[in-house]
Amino acid sequence: MRRTAGLLLTLPLLLAVACSSSTKAAGPATPSTATAAPTVPTPVSEASPMPTLSGGGFGSKATITIPEGQQPSGQFVVNTVVEGDRSTVNKGDWVTVNYSAKDWTTGKDLPSSYDDNGKPQLYQAGSGQLVPALDQSVIGKKVGTRLLVVAPPAAAFADKGSGQLGVGSGDTVVFVLDIVESVPQDATLTGTMTEPAATSPQVKDNGKAPVTITIPAGQAAPTDLQQSVLIKGEGKPVKPGQTLVVQYTGVLWSNGQQFDSSWTHGGAQAVQIGTGSVIEGWDKGLVGQNVGSRIQLVVPPSLGYKDQAQGAVPANSTLVFVIDILEAV
């Protein structure tokens, strides 16, 4: 839950689609003189010539060697180097990838998630947020797969290039993608829930729908943050600065009315935790919890929206959330 209405989506900026400077950040669509995005070619599995790979396998940085003196074919190549054996990535899934990259045109190695300051990339497959080389290549592939992707300009940074990466206008870029994880939008946790204390809100699981949260009758709202682990996960503890993929539902303590749920936004959402991007109750209540856990938080106004009304949330409201921590990157 952000400090303002809605949730924070963390975009991997280095690999985001290049946007026109005239693009509006929000508001209704307006006429634009920006050049239309180029049509992305249909991917093929093989072309000639092709780069070669060396170094470690899946889970380690790849060394990409460009064929000496040869120009790229101009085709959008998505080649399976190693095929995984886990779930298949579908459009809309939250996918986590590690990547290595090289500019074919210049021969320059590009930043990698395996570098000292690199980070895995979390994004929604097929959402158009990242360059097509990442956005589209993973769809239909299995978790655990390593892909060799040769991206002509239309599947990479088009005619704008990337100043951050040093990719020039019209450059062909080679990516090696390791598909680490995939979380469907309708993912939810299962398992026997621990009953909250009788003085705490009660929770009923509704499968792939918002949970039902019932406020205890006649019970005064607590003045301190309350945390209850309803399902104990076996994943790693959440660290500050990570991006979480969560399902959540929030209700008002005052009347039990639901004011927000990830299910009303299409399913699982991404939020950055422990950095002040969300309300303080979430930062305090979720850092340290294990991935795979279902957590109930009762958030007093001082750790929520304080004396500011936010949409359907009146000022000075105590908030109750049930949050499934599906992934942390």
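Quick caveat, the model's predicted, so the values are computed rather than measured. (Residues numbered from 1 in each chain as written. Predicted model: local features only at pLDDT ≥ 70, side-chain atom pairs only at ≥ 80, totals over all residues. Heavy atoms only, no water.)

Re the side chain of Ser262
Phase 1: When you line up the elements, Ser262 lands in the loop between β13 (258-261) and β14 (269-272).
Phase 2: Every residue in contact with Ser262, bar those within four places of it in the chain, is listed here: Val246, Gln247, Tyr248, Gly267 and Gln269. (Helix = DSSP H or I, 4+ residues; strand = E, 2+ residues; numbered from the N terminus. Contact = heavy atoms within 4.5 Å.)

Concerning the pattern of salt bridges
Phase 1: Applying the stated criterion across every chain yields a total of eight salt bridges.
Phase 2: Among the ionic pairs, Lys61 bridges to Asp115, the shortest N-O distance being 2.9 Å. With a gap of 54 residues between them, Lys61 in the loop between β1 (52-55) and β2 (62-65) and Asp115 in the loop between β5 (109-110) and β6 (121-124) connect regions that are remote in the sequence.
Phase 3: Asp109 is the partner of Lys102 in a salt bridge, and the nearest nitrogen-oxygen pair spans 2.9 Å.
Phase 4: Each of Asp205, Arg294 and Asp324 takes part in a single network of salt bridges with overlapping partners. (Salt bridge = Lys/Arg side-chain N within 4 Å of Asp/Glu carboxyl O.)

Remarks on the environment of Gly144
Phase 1: When you line up the elements, Gly144 lands in the loop between α1 (132-135) and β7 (146-151).
Phase 2: Using a relative accessible area of 22% as the deciding quantity, one classes Gly144 as partly exposed.
Phase 3: In contact with Gly144, not counting residues within four places along its chain, are Phe58, Val82, Glu83, Gly84 and Ile179. (Buried < 20%, exposed > 50% of the residue type's maximum accessible area, 1.4 Å probe, protein only.)

Re the packing of aromatic side chains
Phase 1: With the rule as written, the count across this model stands at three aromatic pairs.
Phase 2: Ring plane angle 80° and centroid distance 5.6 Å describe the contact between Tyr248 and Trp282, whose orientation is recorded as edge-to-face. Of this pair, Tyr248 sits in strand β12 (residues 243-252) while Trp282 sits in helix α2 (residues 280-286), placing them 34 residues apart in sequence.
Phase 3: By relative accessible area, which is 0% here, Trp282 ends up buried.
Phase 4: Here the aromatic residues Tyr248, Phe259, Trp282 and Phe321 are joined through ring pairs into a cluster of three or more. (Phe/Tyr/Trp six-rings, centres within 6.5 Å; stacked < 30°, edge-to-face > 60°.)

A closer look at the nonpolar core
Phase 1: If you look at the biggest cluster of nonpolar residues, it comprises 29 residues, and the most contacted ones within it are Val95, Leu134, Val138, Val149, Phe175, Leu177 and Ile179.
Phase 2: Those elements giving two or more residues to this core turn out to be β4 (94-103), α1, β7 and β8 (173-183).
Phase 3: With 24 residues, the next largest nonpolar core counts Val246, Leu286, Val299 and Phe321 among its residues. (Core = buried A, V, L, I, M, F, W, Y, C linked by side-chain atoms within 4.5 Å.)

Considering the confidence of the model for the protein
Phase 1: Mean pLDDT over the protein stands at 89; residues scoring 70 or higher make up 89%.
Phase 2: In the model, residues 3-13 has pLDDT below 50 throughout and makes 31 contacts with residues more than four positions away in sequence or in other chains.
Phase 3: Confidence over residues 19-34 falls short of pLDDT 50; this stretch has six contacts with residues more than four positions distant or in other chains. (pLDDT = per-residue confidence, 0-100.)

Brief notes about unusual backbone geometry
Phase 1: Cis geometry marks the peptide bond from Ser48 to Pro49; its omega dihedral reads 0°.
Phase 2: Of note, the phi angle at Ala158 is positive, near 55°, even though the residue is not glycine.
Phase 3: With respect to the secondary-structure elements, Ala158 resides in the loop between β7 and β8.
Phase 4: In this model, Asn316 sits at a positive phi of 60°, which is unusual for a non-glycine residue.

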